[in-house]
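# Understanding the architecture of this molecule
What follows is the residue order along each chain.
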Amino acid sequence: MKKVLLIACGLMMAGSAFAQQSVLKDAERALRVEVPDHAKIASMLEGAMTNPETAEDVKTWYLAGKNAFQTWQTGWEQLQQGGNPDKVKMSKAIVDGYDFYVKAFGMDTVRTLDKKGVEKIKTKYSKEMVKTIVANMDRFYDAGALLYEGQDLPRAYRAWEIYTSMPTMPSLGKDAPAAPHDSIMGQTYYNMGIFAYQADMKPEALKSFVNAIEHGWGEAAYDNALALAAELEDMPMMERIANEGFNKFGKQNYIGTLVSLYVKKGDYDTALQMVNRALAQNPDNAVLYNVKGVLVESTAQEEGLAPEKVAAANEEALGYYGKAVELDANNPEARFNYGRMLANKAYKASDDGIELSNEDYNKLQEEVIVPYFKQAAEQLEACIAINPETNRQAFTILKNIYYNLKDDVNMQRIADLELE
């Protein structure tokens with residue numbers, strides 16, 4: 001009985017493979033009629049694409065691709081004649097047709113022996129498939145636009161990916177079409193980045209924006225590429241895009257990104273070089289002076305640095321913060337940093353005078369400490385007035401300053417303001 005069952009099972013499998021081969025013949029005949037039923041043919045071929053026997057047959061994928069390209073062509077002709085085909089369905093078909101043909105390329109091998117018995121390797125369908133793909137290059141662009149219009153963003157991206165890669169596609173060989181002008185390629189890649197980003201395909205979006213840059217697209221491509229590289233924490237790409245963008249456009253936000261990157265790496269020297277380059281082009285820029293102050297102040301935090309070098313770095317940073325405030329009195333970050341550093345000078349003077357006599361300390365208090373606290377309070381009050389959310393630490397420092405100045409009224413005022 002077991003042997004009979006096994007034979008029966010084998011016959012069933014053979015029958016299934018035979019049935020799928022029959023489907024291929026039926027599909028081939030159906031494609032030859034004057035008005036093929038492409039939906040029916042696609043349905044017929046679904047089984048052949050999953051059946052183990054016919055899934056390895058080049059004819060399965062050739063026919064599926066041919067049917068898909070014809071589906072597109074039928075819809076495209078209707079559209080050109082003012083008809084109303086299913087734009088998303090026809091556009092999906094041409095993308096699928098390309099993928100079916102790519103799969104067929106890898107299987108399209110016919111081995112024969114010549115008269116001398118030497119093996120010859122030929123192809124049966126590749127020439128036709130190459131011709132079809134190349135002839136439809138611009139149609140992939142059209143399909144991408146239609147898919148975007150229909151909000152099928154991943155396939156819109158895929159259609160334009162095919163369009164942009166076709167000039168360098170190995171399977172097309174010498175028949176590969178010439179690449180469009182860089183301006184067209186740049187815009188296409190940029191739009192691909194938009195498609196991919198909206199579809200939450202962020203690595204693909206970054207790749208597209210970088211390609212747009214490489215084809216001469218403008219600032220928007222750099223801005224988007226830099227933002228995505230930061231979001232994906234792709235440090236090498238951030239460095240590349242920010243450097244290129246700054247060299248090309250001199251934009252401050254590229255400097256800010258680079259500075260943050262180098263600081264994160266602990267490479268303060270390179271960060272300072274970037275700021276100095278920017279200042280050479282923008283000598284009256286308050287933001288850059290504030291950034292330079294932050295960098296110089298950061299060097300004072302290095303472990304093992306001699307006290308005199310710490311003091312010198314802090315004094316230098318204070319000067320840059322002061323310059324930033326001088327250039328732009330409405331810069332809250334510069335106001336905060338300048339006020340904070342002035343308060344630090346008051347605290348440092350107070351600590352240094354701890355061994356003094358009461359008389360000398362009172363003199364120090366009157367001539368140095370109190371003036372520094374008052375200058376610091378002026379800057380921090382301005383910071384809060386410009387934007388209280390810039391740095392909430394300004395409230396804490398101010399309360400401490402007024403405590404040291406024994407100014408209970410202002411200390412309470414700032415405490416109440418902090419709660420608003």
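Data block above holds the structure.
Source: prediction; values computed, not measured. (Residues numbered from 1 in each chain as written. Predicted model: local features only at pLDDT ≥ 70, side-chain atom pairs only at ≥ 80, totals over all residues. Heavy atoms only, no water.)

With that settled, the discussion passes to the layout of surface pockets. Taken as a whole, the largest pocket holds about 460 Å³ of empty space. Surrounding the largest pocket, 21 residues form its lining, His 38, Ala 42, Thr 71, Lys 89 and Ala 93 being those nearest its centre. Looking at the lining of the largest pocket, the elements that each hand over two or more residues are helix H2 (38-50), helix H3 (58-80) and helix H4 (87-105). Element by element, the count of residues in the lining of the largest pocket is highest for H3, at seven residues. Classifying every residue of the lining of the largest pocket by side-chain character gives ten nonpolar, six polar and five charged. Of the pockets and cavities examined, the second largest pocket occupies roughly 340 Å³. Looking at the second largest pocket, it is lined by 15 residues, and the ones nearest its centre are Ala 311, Asn 314, Asn 344, Lys 345 and Lys 348. (1 Å grid on protein atoms, 1.4 Å probe; cavity = no way out; pocket = protein on both sides within 12 Å on 5 of 7 lines; lining within 4 Å. Points joined across faces, edges and corners; volume = space filled by probe spheres on them. Helix = DSSP H or I, 4+ residues; strand = E, 2+ residues; numbered from the N terminus. Nonpolar A, V, L, I, M, F, W, Y, C, P; charged D, E, K, R; others polar.)

Here the focus is the pattern of salt bridges. One side chain can pair with another of opposite charge once the charged atoms of both are near each other. By the definition in use, this model includes 23 salt bridges. Among the ionic pairs, Glu 244 bridges to Arg 240, the shortest N-O distance being 3.2 Å. Here Arg 240 and Glu 244 lie together in helix H11 (residues 235-249), a separation of four residues that amounts to about one turn. Note that Arg 340 and Glu 297 form a salt bridge whose closest N and O atoms lie 2.7 Å from each other. Placement of Arg 340 in helix H16 (residues 332-352) and of Glu 297 in helix H14 (residues 286-299) is noted, with a sequence separation of 43 residues between them. Each member of the salt-bridge network shares a partner with another, and the members are Glu 28, Arg 32 and Lys 59. (Salt bridge = Lys/Arg side-chain N within 4 Å of Asp/Glu carboxyl O.)

With that settled, consider the side chain of Glu 297. Accessibility expressed as a relative area gives 12% for Glu 297, which makes it buried. Setting aside residues up to four positions removed in sequence, Glu 297 forms contacts with Asn 314, Ala 317, Tyr 321, Arg 340 and Met 341. (Buried < 20%, exposed > 50% of the residue type's maximum accessible area, 1.4 Å probe, protein only. Contact = heavy atoms within 4.5 Å.)

A separate point is the packing of helix H9 (residues 202-214) against helix H10 (residues 219-231). Two elements in contact, H9 and H10, have axes separated by 9 Å at closest approach and are oriented at 145 degrees. Crossing hand, H9 versus H10: left-handed. Residue-level contacts link Lys 202, Ala 205, Leu 206, Phe 209, Val 210, Ala 212 and Ile 213 of H9 to Ala 221, Tyr 222, Asn 224, Ala 225, Leu 228, Ala 229 and Glu 231 of H10. The residue makeup of the contact of H9 with H10, split by class, is eleven nonpolar, one polar and two charged. (Axes fitted to C-alpha atoms, helices over the stretch in contact; angles between N-to-C directions. Left-handed = near helix turned anticlockwise from the far one by under 90°.)

Right, let's talk about unusual backbone geometry for a bit. Located in the positive-phi region is Asp 200, a residue other than glycine, with phi close to 60 degrees. Structurally, Asp 200 can be placed in the loop between helix H8 (182-198) and H9. Here the phi dihedral of Glu 233 falls at roughly 55 degrees; this positive angle occurs in a residue that is not glycine. Its place among the elements puts Glu 233 in the loop between H10 and H11. Judged by relative accessible area, which is 62%, Glu 233 ranks as exposed.

With that settled, consider the environment of Asp 267. If you trace the backbone, Asp 267 turns up in the loop between helix H12 (252-265) and helix H13 (268-281). With relative accessibility at 28%, the residue Asp 267 sits in the partly exposed group. Engagement of the side chain of Asp 267 in a polar contact is seen with the side chain of Thr 270, the distance being 2.7 Å. (Polar contact = N/O pair within 3.5 Å; in protein donor to acceptor, adjacent residues only side chain to side chain.)

Counting 114 residues, the largest nonpolar core has Ile 133, Phe 140, Met 166, Ile 241, Ile 255 and Ile 401 as its most contacted members. Among the elements that line this core, the one with the most residues is H3, at nine residues. Ignoring anything within four residues of it in the chain, the contact list for Phe 140 reads Phe 69, Ile 94, Val 95, Tyr 98, Ile 133, Ala 159, Trp 160, Ile 162, Tyr 163 and Met 166. (Core = buried A, V, L, I, M, F, W, Y, C linked by side-chain atoms within 4.5 Å.)

Taken as a whole and judged by the stated rule, the model has 16 aromatic pairs. Ring plane angle 20 degrees and centroid distance 4.1 Å describe the contact between Tyr 62 and Tyr 125, whose orientation is recorded as stacked. One end of the pair, Tyr 62, is in helix H3; the other, Tyr 125, is in the loop between strand E2 (119-122) and helix H5 (126-135), with 63 residues separating them in the sequence. Both residues of the pair, Tyr 62 and Tyr 125, belong to the buried class. (Phe/Tyr/Trp six-rings, centres within 6.5 Å; stacked < 30°, edge-to-face > 60°.)

What follows concerns the environment of Ala 156. Among the structural elements, Ala 156 can be located in helix H7 (residues 153-165). A relative accessible area of 0% means that Ala 156 is categorised as buried. Setting aside anything within four residues of it in sequence, one finds Ala 156 in contact with Gly 144, Leu 147, Tyr 148 and Phe 195.

On to the environment of Val 88. Take Val 88: it is sitting in helix H4. Look at Val 88 and you get partly exposed, because its relative accessible area is 28%. Spatially, the C-alpha atom of Val 88 lies 8.9 Å from that of Tyr 148, the residues being 60 residues apart in sequence. Residues contacting Val 88, with those up to four places away along its chain left out, are Leu 147, Gly 150 and Asp 152.

An ideal rise of 1.5 Å per residue puts 20 Å on 14 residues; H12 measures up with 20 Å between its terminal C-alpha atoms. By the burial criterion, the buried members of H12 are Tyr 254, Ile 255, Leu 258, Val 259, Leu 261 and Tyr 262. One side of H12 holds all its buried residues, which, seen down the axis, span an arc of 165 degrees. Taken together, the buried residues of H12 touch H10, H11, H13 and H14. Downstream of H12 by a residue or two, Gly 266 has a phi angle that is positive, lying close to 80 degrees. (Expected span 1.5 Å × (residues − 1). Arc of directions from axis to C-beta.)

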